[in-house]
Amino acid sequence: MDEGGSRIRRRVSLPKRKRPSVGCVFVAPTAAKLERGDEEKKEEEMVAENRRRKTAGVIPVEVQPCLLSDSPDCLVLGSGDTNPDLLRHMPTDRGMGDQHNDSEEDMFGDYDSFTENSFIAQADDLEQKYMQLPEHQKHATDFATENLCSESIKNKLSVTPIGNLTELQTDEHTENQSGCEDVTVEPGADLLYDVPSSQAMYFENLRNSSNDLGDQFMKKRDWKSSSHNTVNEKLPHNCIEQRQQNDESSSKVRTSSDMNRRTSIKDHLKSAMTGNAKAQTPVFSRSKQLKETLLSKEINVAKKTIESSSNDLGPFYSLPSKVRDLYVQLKGIEKLYEWQHTCLTLKSVQERKNLIYSLPTSGGKTLVAEILMLQELLCSRKDVLMILPYVAIVQEKISGLSSFGIELGFFVEEYAGSKGRFPPTKRREKKSLYIATIEKGHSLVNSLIETGRIDSLGLVVVDELHMIGEGSRGAILEMTLAKILYTSKTTQIIGMSATLNSVEDLQKFLQAEYYTSQFRPVELKEYLKINDTIYEIDSKAENGMTFSRFLNYKYSDTLKKMDPDHLVALVTEVIPNYSCLVFCPSKKNCENVAEMICKFLSKEYLKHKEKEKCEVIKNLKNIGSGNLCPVLKRTIPFGVAYHHSGLTSDERKLLEEAYSTGVLCLFTCTSTLAAGVNLPARRVILRAPYVAMEFLKRNQYKQMIGRAGRAGIDTIGESILILQEKDKQQVLELITRPLENCYSHLFQEFTKGIQTLFLSLIGLKIATNLDDIYHFMNGTFFGVQQKILLKEKSLWEITVESLRYLTEKGLLQKDTIYKSEEEVQHNFHITKLGRASFKGTIDLAYCDILYRDLKKGLEGLVLESLLHLIYLTTPYDLVSQCNPDWMIYFRQFSQLSPAEQNVAAILGVSESFIGKKASGQAIRKKVDKDVVNRLYLSFVLYSLLKETNIWTVSEKFNMPRGYVQNLLTGAASFSSCVLHFCEELEEFWVYRALLVELTKKLTYCVKAELIPLMEVTGVLEGRAKQLYSAGYKSLTHLANANPEVLIRTIDHLSRRQAKQIVSSAKMLLHEKAEALQEEVEELLRLPSDFPGAVASSTDEA
Ligand SMILES: Nc1ncnc2c1ncn2[C@@H]1O[C@H](COP(=O)(O)OP(=O)(O)OP(=O)(O)O)[C@@H](O)[C@H]1O
Ligand SMILES: [Mg+2]
């Protein structure tokens, strides 16, 4: 770093603390058990906390600019992707915070808490305490009955017993194997008597110190002796040894005082060991010898542990014990499942090999991924990317992990919807966890490759890996992973799924190990219902099922007619005390079924959680600006609602919350819910073995029934698939056959797949000649499966053809280089149009037409209203599904101003054409249907921007409100793509400023004052309105809010949600502050190419 830079850095950065060394080596975690803190521990933590605050207080005042106003003046633009990508509002207006905010310092503290947890710090404390102890106390307790480590620092210090335990167990095991019987040594009062004097002295000292430290060690020992079958027994020894080696390097950076502290204990140990070696060995009894062996091993382990813990890494899978506490506090997870422990301690995982793991739904896969991510962030000190399939899941994860980020000192950054920066902000100290949708993850990886930063990504986790075999999203996921594999040799890839079959191809593609288990914490019983008989699915039975029971119900004639499938009988066996999901084949069917069920529910159901249900209705009305769906109005009082994409995201979120808290007990839903947010149920009913018109796939079936019986919520789970006699055979096949295989979609999704890939390979200079591109293709999932997927062509032919196609389209240019008379090399470079398409992540099927439309727009862009611009950013891919209501079209057209009607005329859509269509007349003149439909969608968007009310617009155009909202999000996304497209083409300079504004308007189609609040993950329009009117007007307001006060002032806000909002706001605020600090440093840093800079630094040297 240059001089200027370091000067600034010194001024603004936090005091340097001890950091964990790079390259985490896994300490053998002792127990999968997580322990809840007791009183003493709390007290100790408070002390630690106070100390932390004090340290934080040392931060120079210059750090304070993090107290910001968040006026969205300036936008930071990123490279686009197929989904919304813009722009994150960057505050330009910064105020110097003159007030020192304790809680903020506390929350945003660096690794101080980490340091407090370090073994060295504890050892230091321990030593000091020991020194201060009155002599008589030092001998007051007995090693056998007293405990070595205090309860209060149980977690922090547990590294010692862990090591001991592991070592002991393994040794015991070895000794047993070598024929030694009766080796269980219960440390008794006579133990010290039997050991050499030097050791005795050491233990005596340690024992006395332990008086202050509590009982951890003994607890561990007791636990150890009573649980010989724990998975710890399998822990490899080399974990500890490996780590010790690594720590040697890390220890170099420690301060001298640290060294002194350590030396004292080390010396102590050393002298103990030397003394031991020198001491005359008396004749011991066999049991005495064993005891001694045992103790000397303990010393070794203690010694190793002291050395190995020098990098501040903790005992919980190399992580600080605080992580363990956070899991207990925030997620209620007290103990890892055995498979989770086994998986985390796999040799391949420790060696950072790529890994695919597959377990049934609800198996607890996420926790393993999270621990590995935390290891990467905190131990290896690298950034991590987690790819999840949907925006809603990304937001759920952001909310869930923000508190971890705040407590442990890393950033959690959202890459979904309109959020995300490309390339991501370079962080000064802390590492980032990017949580992204598939599309955003791809853009992020592209931007990291482009800026030469791909190696900063230590780990990429892909949840629901089977999605690699699903359509264009699968193709994008494949491209992302293939690029990482090709460009970074250090990035580890981990994929998980519940529905993977024949993983060999995937393994080959990802060069990954595979781990699988059938573990499911809550048993899931699967049933089939034919007429009024229920059968249990039983793989051992001849035809795969056995009779279970007859359905017990008394139906009136009307009910029989209305409910031939006996849904009312099935759901009333469960609700209202337990929750139930009914999967229906279509959206309309969801609404009908919900209404039908409510018609026949007794009035008693109305009384269950009546007040809360009233609240839900009131809140739904609020977020709909006074509008309420009539179906929901009738069903919610019974605790029932439908759930599908026709709802707005605000409504969906509110209903999901009500369902999660048990206010609603029954959802009728489409299959999308199965892959979406985590909504568990006691009973899952599949209304028919169909999704829309298609017969159910095994994977879909598994995902849907997997919602039943979630750990921690239900003790049992059951699924009932309703079928008609005619479908019986097919259903029996469905339940017995294996899961569908996963196939690459890279070729199938031609323009969005292989062509987009080639364009970006050349655009990013990953591979620019034919041979390299072919080589790259060999390493893709498609490359692995090519012989199965496309027999008639070779991979080489496919590669050559695709490149030719792109060249012919004017997106690539070929340069032929004659290396010698025989040798010719075909190099490719990207054209301007190619770059624009790549940067804008425009589907290559539409790049020509987009170019043409924009070019035509230059000839006469109507700027009197937004309509023309909106038309240019209305997504092409939604046009084909649009069927205008001609009457509405005509009415809307008539209401346009002359200038706006002129837009239609420029595009070739005349009033007479629409009028004729509306009156059903035949039209002879040929009109471009795509343009007409696109203009209709532009009307919808234009209307939305004017009205800012989805309900009114959806009524006006007779479209489901969810559809209107999707159109809006799609347009916001496409607008930003077009913006990036224009940025690469000089001739379109005029569009740039216009599109920045338009994208902003489309992204936040709400009142400007709500925008800063809606930047916070999970705060949608409805919630933003509530918060705003309660006085929380900015991000800073939210970040400083007290969750308890929020619960009291904001209707229908649970404690969990309040905490998540505050955590997310804190995280975002901190992120912004950090980015600004980085900007300041960058501004003041002397450029590396500054004339004379090199010379002067050499002079200095
Ligand atoms: N060790 C544990 N102890 C208790 N609960 C756990 C444990 N591990 C995970 N859980 C809980 O189990 C539930 C399901 O876990 P998770 O979401 O990781 O399942 P999954 O394997 O990813 O399932 P799916 O394939 O459906 O996504 C969660 O609520 C999680 O908090
Ligand atoms: Mg999962």
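You'll find the structure just up there.
**Concerning helix α45 (residues 961-983)**
End to end, α45 covers 33 Å across 23 residues, agreeing with the expected 33 Å (1.5 Å per residue, within 8%). α45 sits mainly inside the fold: 18 of its 23 residues count as buried.

**Re the pattern of salt bridges**
Counted according to the given criterion, the structure contains 38 salt bridges. Put simply, Lys839 and Glu450 hold a salt bridge, and the shortest N to O gap is 2.9 Å. Here Lys839, found in helix α37 (residues 832-839), pairs with Glu450, found in helix α20 (residues 438-450); they are 389 residues apart in sequence, far enough to count as distant. A relative accessible area of 37% places Glu450 in the partly exposed class. Here the salt bridges do not stand alone but share partners, grouping Arg549, Glu573, Arg683 and Glu718 into one network.

**Some remarks on the sheet that holds strand β3 (residues 354-358)**
The pairing of strands in a sheet comes from backbone hydrogen bonds and takes either a parallel or an antiparallel form. Here we have 7 strands laid out as an open sheet, ordered β5-β6-β4-β7-β8-β3-β9, and parallel in their pairing. In the strand order of this sheet, the two ends are held by β5 (411-415) and β9 (512-516), each with one partner. Each strand of the sheet is rotated relative to its neighbour by a mean of 15°, with strand direction disregarded. Across 4 bridges, strand β4 (residues 383-387) lies against strand β6 (residues 432-436) in parallel orientation. Paired with Ile387 across the strands is Ala436, a residue of β6.

**Notes on a negative patch on the surface**
A surface patch of like charges, here negative, comprises Asp771, Asp772, Glu821, Glu822 and Glu823. Looking at the secondary structure, you find Glu822 in the loop between β20 (812-818) and β21 (824-830). When its relative accessible area of 71% is taken as the criterion, Glu822 is described as exposed.

**A word on the sheet that holds strand β10 (residues 524-530)**
Spatial strand order, β12-β11-β10-β19-β16-β13-β15-β14: 8 strands in an open sheet with mixed pairing. Each edge of the open sheet carries a strand with a single partner, namely β12 (545-550) and β14 (640-643). Ignoring strand direction, the axes of neighbouring strands in this sheet form an average angle of 25°. As judged from the 7 bridges shared by β10 and strand β19 (residues 717-723), these two strands associate in the parallel manner. Counterpart to Leu524 in the pairing with β19 is Gly717. Those strands touched by helix α25 (residues 587-599) are β13 (580-583), β14 and β15 (666-669), and its axis lies near 150° from that of β15. This element, helix α31 (residues 698-705), spans β10, β11 (533-537), β13, β16 (683-686) and β19 of the sheet and lies at about 145° to β16.

**Things to note about the state of the cysteines**
Following the criterion strictly, the structure yields 0 disulfides and no others. Here Cys665 stays free of any disulfide, with the sulfur of Cys580 as its closest cysteine sulfur at 8.4 Å.

Calculation criteria
- Residues numbered from 1 in each chain as written.
- Chains lettered and ligands numbered in written order.
- Predicted model: local features only at pLDDT ≥ 70, side-chain atom pairs only at ≥ 80, totals over all residues.
- Heavy atoms only, no water.
- Helix = DSSP H or I, 4+ residues; strand = E, 2+ residues; numbered from the N terminus.
- Expected span 1.5 Å × (residues − 1).
- Buried < 20%, exposed > 50% of the residue type's maximum accessible area, 1.4 Å probe, protein only.
- Salt bridge = Lys/Arg side-chain N within 4 Å of Asp/Glu carboxyl O.
- Pairing = 2+ DSSP bridges.
- Axes fitted to C-alpha atoms, helices over the stretch in contact; angles between N-to-C directions.
- Patch = residues over 30% accessible without salt bridge, like charges linked within 9 Å, V, L, I, M, F, W, Y side chains within 5 Å.
- Areas by Shrake-Rupley, 256 points an atom, 1.4 Å probe, with all protein chains shown as cover.
- Lys, Arg positive; Asp, Glu negative; His and termini not counted.
- Charge placed at Lys NZ, Arg CZ, Asp CG, Glu CD.
- Contact = heavy atoms within 4.5 Å.
- Disulfide = S-S within 2.5 Å.

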